[in-house]
There are 6 protein chains.
Amino acid sequence: MTFVRTDARGADALRPVRLTRHYTKHAEGSVLVEFGHTKVLCNASVEERVPPHKRGSGEGWVTAEYGMLPRATHTRSDREAAKGKQSGRTQEIQRLIGRSMRCVFDLKLLGERTIQLDCDVLQADGGTRTAAITGAYVAAHDAVSWLLAQGKISQSPLKDAVAAISVGMLKGTPLLDLEYIEDSACDTDMNVVMTGSGGFVELQGTAEGEAFTRAQMDALVGLAEKGIRDLLALQRQALGL
Amino acid sequence: MTFVRTDARGADALRPVRLTRHYTKHAEGSVLVEFGHTKVLCNASVEERVPPHKRGSGEGWVTAEYGMLPRATHTRSDREAAKGKQSGRTQEIQRLIGRSMRCVFDLKLLGERTIQLDCDVLQADGGTRTAAITGAYVAAHDAVSWLLAQGKISQSPLKDAVAAISVGMLKGTPLLDLEYIEDSACDTDMNVVMTGSGGFVELQGTAEGEAFTRAQMDALVGLAEKGIRDLLALQRQALGL
Amino acid sequence: MTFVRTDARGADALRPVRLTRHYTKHAEGSVLVEFGHTKVLCNASVEERVPPHKRGSGEGWVTAEYGMLPRATHTRSDREAAKGKQSGRTQEIQRLIGRSMRCVFDLKLLGERTIQLDCDVLQADGGTRTAAITGAYVAAHDAVSWLLAQGKISQSPLKDAVAAISVGMLKGTPLLDLEYIEDSACDTDMNVVMTGSGGFVELQGTAEGEAFTRAQMDALVGLAEKGIRDLLALQRQALGL
Amino acid sequence: MTFVRTDARGADALRPVRLTRHYTKHAEGSVLVEFGHTKVLCNASVEERVPPHKRGSGEGWVTAEYGMLPRATHTRSDREAAKGKQSGRTQEIQRLIGRSMRCVFDLKLLGERTIQLDCDVLQADGGTRTAAITGAYVAAHDAVSWLLAQGKISQSPLKDAVAAISVGMLKGTPLLDLEYIEDSACDTDMNVVMTGSGGFVELQGTAEGEAFTRAQMDALVGLAEKGIRDLLALQRQALGL
Amino acid sequence: MTFVRTDARGADALRPVRLTRHYTKHAEGSVLVEFGHTKVLCNASVEERVPPHKRGSGEGWVTAEYGMLPRATHTRSDREAAKGKQSGRTQEIQRLIGRSMRCVFDLKLLGERTIQLDCDVLQADGGTRTAAITGAYVAAHDAVSWLLAQGKISQSPLKDAVAAISVGMLKGTPLLDLEYIEDSACDTDMNVVMTGSGGFVELQGTAEGEAFTRAQMDALVGLAEKGIRDLLALQRQALGL
Amino acid sequence: MTFVRTDARGADALRPVRLTRHYTKHAEGSVLVEFGHTKVLCNASVEERVPPHKRGSGEGWVTAEYGMLPRATHTRSDREAAKGKQSGRTQEIQRLIGRSMRCVFDLKLLGERTIQLDCDVLQADGGTRTAAITGAYVAAHDAVSWLLAQGKISQSPLKDAVAAISVGMLKGTPLLDLEYIEDSACDTDMNVVMTGSGGFVELQGTAEGEAFTRAQMDALVGLAEKGIRDLLALQRQALGL
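- Looking at an unreviewed UniProt entry, chain A carries the name Ribonuclease PH, with the source organism given as Roseateles toxinivorans.
- Per UniProt, chain A has the following entry under Subunit (unreviewed entry): "Homohexameric ring arranged as a trimer of dimers."

Some thoughts on the interface of chain E and chain D
Part 1 of the argument: Contacts between the two partners involve 38 residues from chain E and, on the opposite side, 39 residues from chain D.
Part 2 of the argument: Summed over both partners, the interface of chain E with chain D buries about 3,000 Å², with 47% contributed by carbon and sulfur atoms.
Part 3 of the argument: Three residues stand out in chain E for area buried against chain D, namely E:H26, E:R71 and E:R76, and they jointly supply 26% of the buried area on that side.
Part 4 of the argument: Here chain E and chain D share 12 salt bridges between them.
Part 5 of the argument: A salt bridge links D:R79 to E:D120, with the nearest nitrogen and oxygen atoms 2.9 Å apart.
Part 6 of the argument: At the junction of chain E and chain D, the tally comes to 22 residue pairs in polar contact (both at pLDDT 80 or more).

Observations regarding the pattern of salt bridges
Part 1 of the argument: According to the stated counting rule, one finds 139 salt bridges over all chains in the structure shown.
Part 2 of the argument: Its salt-bridge partner being A:K54, residue A:E59 comes within 2.7 Å of it at the nearest N-O pair.
Part 3 of the argument: A salt bridge links D:D142 to D:R21, with the shortest nitrogen-to-oxygen separation between them at 2.8 Å. Residue D:D142 is located in helix α4 (residues 128-149), and its partner D:R21 is located in strand β1 (residues 17-21); the two are separated by 121 residues in the primary sequence.
Part 4 of the argument: Residue D:R21 is classed as partly exposed on the basis of its relative accessible area, which comes to 27%.
Part 5 of the argument: Several salt bridges converge on common partners, so that one network encompasses B:R5, B:R9, B:R15, B:D125, B:D177, B:E179 and B:E182.

Here's the deal with the pairing of strand β9 (residues 200-207) of chain F
Part 1 of the argument: The buried fraction of β9(F) is high, at eight of eight residues.
Part 2 of the argument: Of the strand pairs in this sheet, strand β9 (residues 200-207) of chain E and β9(F) are connected by five bridges, and their pairing is antiparallel. Paired with E:G205 across the strands is F:L203, a residue of β9(F).
Part 3 of the argument: Relative to β9(F), strand β8 (residues 188-195) of chain F runs antiparallel, the two sharing seven bridges. Looking across to β9(F), one finds that F:V193 is bridged to F:E202.
Part 4 of the argument: Between the end of β8(F) and the start of β9(F), which pair antiparallel, lie four residues, with F:G198 showing a positive phi angle near 90°.

Things to note about the side chain of B:E34
All names here are of chain B.
Part 1 of the argument: Tracing the sequence through the fold places E34 in strand β2 (residues 29-35).
Part 2 of the argument: A relative accessible area of 7% places E34 in the buried class.
Part 3 of the argument: In this view, E34 contacts P16, V17, R18, T20 and K39; residues no more than four positions away in its chain are not counted.

Topic: the relation of the copies chain E and chain D
Part 1 of the argument: The two copies are related by a screw operation: chain E maps onto chain D through 180° of rotation and 0.0 Å of translation along the axis, at an RMSD of 0.0 Å. Each copy turns onto its partner about a two-fold axis.
Part 2 of the argument: Counting the interface residues of chain E, we find that 100% of their copies in chain D are interface residues as well, pointing to one common contact surface.

Description of the UniProt feature "domain: Exoribonuclease phosphorolytic" (unreviewed entry) in chain A
Part 1 of the argument: The UniProt entry lists residues 14-143 and 160-226 of chain A under the feature "domain: Exoribonuclease phosphorolytic" (unreviewed entry), expressed in the numbering used here.
Part 2 of the argument: Here residues 14-143 of chain A runs as 30% helix and 31% strand, with 27 Å between its end C-alpha atoms.

Some thoughts on a positive patch on the surface
Part 1 of the argument: Together, A:K83, A:K85, B:K83 and B:K85 line one region of the surface with positive charge.
Part 2 of the argument: Relative to the assigned elements, A:K83 resides in helix α1 (residues 80-83).

Considerations on the sheet that holds strand β1 (residues 17-21) of chain F
Residue and element names in this part refer to chain F.
Part 1 of the argument: With respect to topology, five strands assemble into an open sheet ordered β1-β2-β3-β5-β4, the strand pairing being mixed. Whereas interior strands pair on both sides, the edge strands pair on one side only; in this sheet they are β1 and β4 (61-68). The sheet shows a mean angle of 20° between the axes of neighbouring strands, direction not considered.
Part 2 of the argument: Where strand β2 (residues 29-35) and strand β3 (residues 38-47) come together, seven bridges link them in antiparallel fashion. Counterpart to L32 in the pairing with β3 is L41.
Part 3 of the argument: Running at roughly 35° to β3, helix α4 (residues 128-149) makes contact with β1, β2, β3, β4 and β5 (114-123) of the sheet.
Part 4 of the argument: Each of β1 and β2 is contacted by helix α6 (residues 214-238), which is oriented at about 30° to β1, the strand it contacts most.

Side note on the UniProt feature "binding site: phosphate" (unreviewed entry) in chain A
All names here are of chain A.
Part 1 of the argument: With numbering matched to this structure, UniProt assigns "binding site: phosphate" (unreviewed entry) to R89, G127, T128 and R129. For the residues just named, distributed over 41 residues, the greatest C-alpha separation is only 13.4 Å, placing them together at one site.
Part 2 of the argument: Relative to the elements of secondary structure, G127 occurs in the loop between β5 (114-123) and α4 (128-149).
Part 3 of the argument: The contacts of G127, once residues within four sequence positions are left out, are R15, T38 and L178.
Part 4 of the argument: Mapped onto the fold, T128 is located in helix α4.
Part 5 of the argument: By relative accessible area, T128 is classed as buried at 7%.
Part 6 of the argument: Beyond its immediate sequence surroundings of up to four residues, T128 is in contact with T38, V40, Y66, R89 and V121.

Description of the sheet that holds strand β8 (residues 188-195) of chain D
Part 1 of the argument: Read across the sheet, eight strands follow the order β7(C)-β6(C)-β8(C)-β9(C)-β9(D)-β8(D)-β6(D)-β7(D) without closing on themselves; strand pairing throughout is antiparallel. At either end of the open sheet lies a strand with only one pairing partner, and these are β7 (173-176) of chain C together with β7 (173-176) of chain D. Here the average twist between neighbouring strands, direction ignored, is 15°.
Part 2 of the argument: This element, helix α4 (residues 128-149) of chain C, spans β6 (162-170), β8 (188-195) and β9 (200-207) of chain C of the sheet and lies at about 165° to β6(C).
Part 3 of the argument: Taken strand by strand, helix α6 (residues 214-239) of chain D contacts β9 of chain C together with β6 (162-170), β7, β8 and β9 (200-207) of chain D, and its axis lies near 145° from that of β6(D).

A short note on helix α6 (residues 214-238) of chain A
Residue and element names in this part refer to chain A.
Part 1 of the argument: Taking 1.5 Å of rise per residue, the 25 residues of α6 would be expected to cover 36 Å, and the 36 Å separating its terminal C-alpha atoms lies within 8% of that figure.
Part 2 of the argument: The set of residues buried in α6 consists of M217, L220, V221, L223, A224, E225, G227, I228, L231, L232 and Q235.
Part 3 of the argument: Backbone geometry just downstream of α6 places G240 in the positive-phi region, at approximately 65°.

Remarks on the packing of helix α2 (residues 88-102) of chain C against α4(C)
All names here are of chain C.
Part 1 of the argument: Remark: α2 packs on α4, axes separated minimally by 10 Å, with the N-to-C direction vectors making an angle of 35°. At the point where α2 passes α4, the crossing takes the right-handed sense. Along the contact surface, α2 presents R89, I93, L96, I97, S100 and M101, while α4 presents T128, R129, A132, I133, A136 and Y137.
Part 2 of the argument: Partitioning the contact of α2 with α4 into residue classes produces eight nonpolar, two polar and two charged.

Each value, and the rule that gives it
Residues numbered from 1 in each chain as written. Chains lettered and ligands numbered in written order. Predicted model: local features only at pLDDT ≥ 70, side-chain atom pairs only at ≥ 80, totals over all residues. Heavy atoms only, no water. UniProt positions renumbered as here; feature names shortened; annotations may be inferred. Contact = heavy atoms within 4.5 Å. Buried area = accessible area lost by both parts, 1.4 Å probe. Salt bridge = Lys/Arg side-chain N within 4 Å of Asp/Glu carboxyl O. Polar contact = N/O pair within 3.5 Å; in protein donor to acceptor, adjacent residues only side chain to side chain. Helix = DSSP H or I, 4+ residues; strand = E, 2+ residues; numbered from the N terminus. Buried < 20%, exposed > 50% of the residue type's maximum accessible area, 1.4 Å probe, protein only. Pairing = 2+ DSSP bridges. Least-squares fit on C-alpha atoms with pLDDT ≥ 70 in both. Patch = residues over 30% accessible without salt bridge, like charges linked within 9 Å, V, L, I, M, F, W, Y side chains within 5 Å. Areas by Shrake-Rupley, 256 points an atom, 1.4 Å probe, with all protein chains shown as cover. Lys, Arg positive; Asp, Glu negative; His and termini not counted. Charge placed at Lys NZ, Arg CZ, Asp CG, Glu CD. Axes fitted to C-alpha atoms, helices over the stretch in contact; angles between N-to-C directions. Expected span 1.5 Å × (residues − 1). Left-handed = near helix turned anticlockwise from the far one by under 90°. Nonpolar A, V, L, I, M, F, W, Y, C, P; charged D, E, K, R; others polar.

Dropping the structure here:
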């Protein structure tokens, strides 16, 4: 590879990852997750109600919202609250985070309550959705611990851990954990979400320029598996597990 | 497999596919695509203007919108125009169709004009987004032919064909082209978009229940490749190529 | 008259009318109505609830929504769902269809349920609102038959039939059932809705250019009466009555 | 007729009508129109620009907006500005007022400017749309006089006068100029707009309960013609013509 | 002071103030308040329900909405209902009116019902928010009298009167009750709301150009106290107290 | 005073204030301001364009937007972007911040460009608007330094400094810099904005319960003056001035 990554990072290396718990004081779980310069605040709120489609079901709900501060990015973006609607991109990302979280929850054990995950990007440098999923899991874990400590539930509804990473094909080289300039330049961009036990939860690959081959896809998926294993270890370490 | 599909369809068989060109009379390309009971009207409109980010670039634009008639589904859904906003699902799908189409277009050769693809579901029975992509390509091809016949362009901006199919893992069996009851029941659902030359454009796999393994993913992708080859042949036949 | 209509149609002749029942498979009533090139899909959905102002009244409700596919027209119109609001024209038309349908329903006999009529224009060539009313009646009739067959009601709430036609004054000649180019050119445009027993339900005349005289109004209303008698016969024939 | 109208009004009598010019001081034309207890403030504003579809045409535009103060009615209605959208009824009415006004304007003589009519109901007791049209004409006339006085135009673009009235069939009796309790009780409600030279501009009849017959329609239209003649005289008197 | 006010008004003089009760007939309280050319219609509606946060509390609620007719101003403003949202200015003003009214109400004595105050500006010439508060109090008083007369309450929930005035610093001179041209030109603009017993309810001072000094602030507040004492007397006189 | 403040804070003492510059890396000015547990991220963005009302004027513009992360508060609030509109409170606050900033800018010296201040509350504990103003000034100062360093302007458009504080009357005691529980309990709440040279820019006092007296107002204003002097010193220190 002739392309040199920032800080001479290896093609299969994560950026420095930090998971700071208890970042804000009101939320039941509050985690600042950093993938290099990408910083996402993940707050988990416990609410003693469920959306209409779950009322009376005995089951809970886990959902997510995603936002980006207007100047989280290189140039300022319009504030979605001022425009009066969330972009398609925002909705796609928050639906992805929500599905990823629900995949590791036993909603019966959660009981009729909601864990609402708010993932707000304070600073963006590529990979905000994968950082959000990785951090949201830790925040959700803290919210579950709070529920257990409060005696509201007696058994954890968490069945597994979950983390996510992006991979991409840049000038023929598969790269792990793309930062913004890499993301803009790459031909194929893939986001992968996996559980602690190694199953795939979501896999979204998109050809930005040229279509990608089966062999490229296999290489990218393999790279993502490696990266997610590392993230799962960092989550356990942050949670003291 | 103990599960029997409708009309004894094989696990790797498409539903009957029909591509009816010139379905409505005003659009430059107008195709009704049917995947079994799923019916999507794909209209391609040529507009002699481009969105702001392309103005003065000498390049054109290809984009898509997706809609579902309120009673296309088993039970009636609210009309998005009456609710005053498009759902996250609608926006995800129309962004997917737009990216898939742009992947086979040379926007320079198109010139500063837009091909707008409207994919409206008249009847839904699973696979509306993959039918929409498959049909939209044929409608786009007709719109390109119209541009050539009108002398507005002298060379086709289409670099390749594109088609899409869904695959899913139902009780351990990989199935091609899911109909609605299969889609609701399956553990993993994957939508795959490929070009005529065999490259992947989009690949979106989602675990609905259990996470899926690498081996399952490989089986699903292989099945999709087969299905898309069949769809590409049907597109060529419909276009008389 | 020196003006020659398409296909040498007579000034008092309808365009070829087709009423295709069971056009889609999910709705309790589903009719594609064609007035020449104008094609409107009318789906009737039965919903076991009523709007707030009817709750607890023992009476049902009948209402309608109207939409136009973006490329139903000669040049593409913006999608109302994407714009986030329905135009004044759309609202006027759907209110007209709803009132026309309610006029032939005994809401007490319907019971506390709603018949929702969705009229979506697939292709437009003038007269979409009158085609919609004419087709919606047939779809509503099928939905009522379904309610009777299901044993949900024991007596039909339909008191009468209803149909509608446009008439217009073009260069001094009264014309029945205007197609788009006639509609654009005419001085006065009138939409008339009548019941099977010959009563008027709605009458909306608008001078586009010059104001119209009482004598012109009388001629137009007479022409509309004739056209609606023909439509009522076609409805009975389509329903096998 | 056993039914006795308020203040023993005759079946073919208007309520007391008042047209107060110069009701507010900023607008180029400002008229408070009263049909009995119905009070509508009609302001005409001259704006030196036209909407996009008229730009560069050399022609002007005349348009209207309609609103109702929240407590203009017996019970308070929600404020449309707070709800964030205008109702279908509001849009229907303002489109009707706009069309009625444009019918008596020569848009070429107006020049590339807009006369914007704002009709706001201060107090409602039936007939707000017909009062609005009748008052808006006087306000528009004052705005035209202002344009002439300013030397912005040299010839009046007004081709004719225009006024409107409601009529209805109540228990078999045709009544002129319905007040609210009559409007609520009547079987058929018709709004008629006519020019000073006796032509019809708009005619909208709606059966609220039973459908109406041709004979009833004729009686109602005749009654409206009489009422409008009276209104036209009152307009001329108010304008000192 | 070299600056001469309209009609040679003194720096500490109010414009002619008029409070016309029973201005419209449906509302439980209806007052047209005029501060010179500024005219605001204040309607008080009694509604036998409370917003969610007061349900079951045994307490009532008092709230306000504010609007401006499009041509109340020198040049026409867009209609908020047509734009689909209320401006920040509108929301600020209606929140201010609501807080000011609640300050003089004992919500327990009101009982679980709402007094809704609609303040609509018919003509604007500066000071619309202070006129609105001054008039809304009189309308609220009439609504309370209606509640007492109806026997719905046996004791008045009004604890005090409330009125408001604007003051401003124009070229070094403190002026009472600014009209529009003074408001546009002044350096500091202050709105003051006070009760009958001389307490401050709201005080909002804004430097438009230069920041203002403590001494200027004191002068302005003193001037406002004087003006409000006069307004309170006019309210009592209008109410016959 | 029997009331004891958190950490035994004096009635006239600020909470610990921290101003952290360069908190995020993309914005031209980025300051995290903390007033105790209240944390607001203030980003200043330079944009080389102005809003329509300033185009061609040779002057620039300074404006602000305000937001609150959904779980910045004790219980989660709905996300404004998801609700599709900003609350009245949000709009009031961002208009206040904008006016306060413009008061210390010479818009001519800024040139035709905009400084956009985004104040986003990461954690709320009372005083978010005053913290936002205090921090936004430092961020604006950094943005101005960036403009000078880039050579885009040669002279600073900042005429003065600006800071803000809240004061309140709690059980008869005037308190400086209210935290959330104090703010909820106090009778009178006042926000004061002052310049470095001691002038008032904004003064907003609101009686939450009982009206306040002139003497109380004087005490509160005096307390605010003291607090703002302290904040101005902390700003200078943070900026190294």
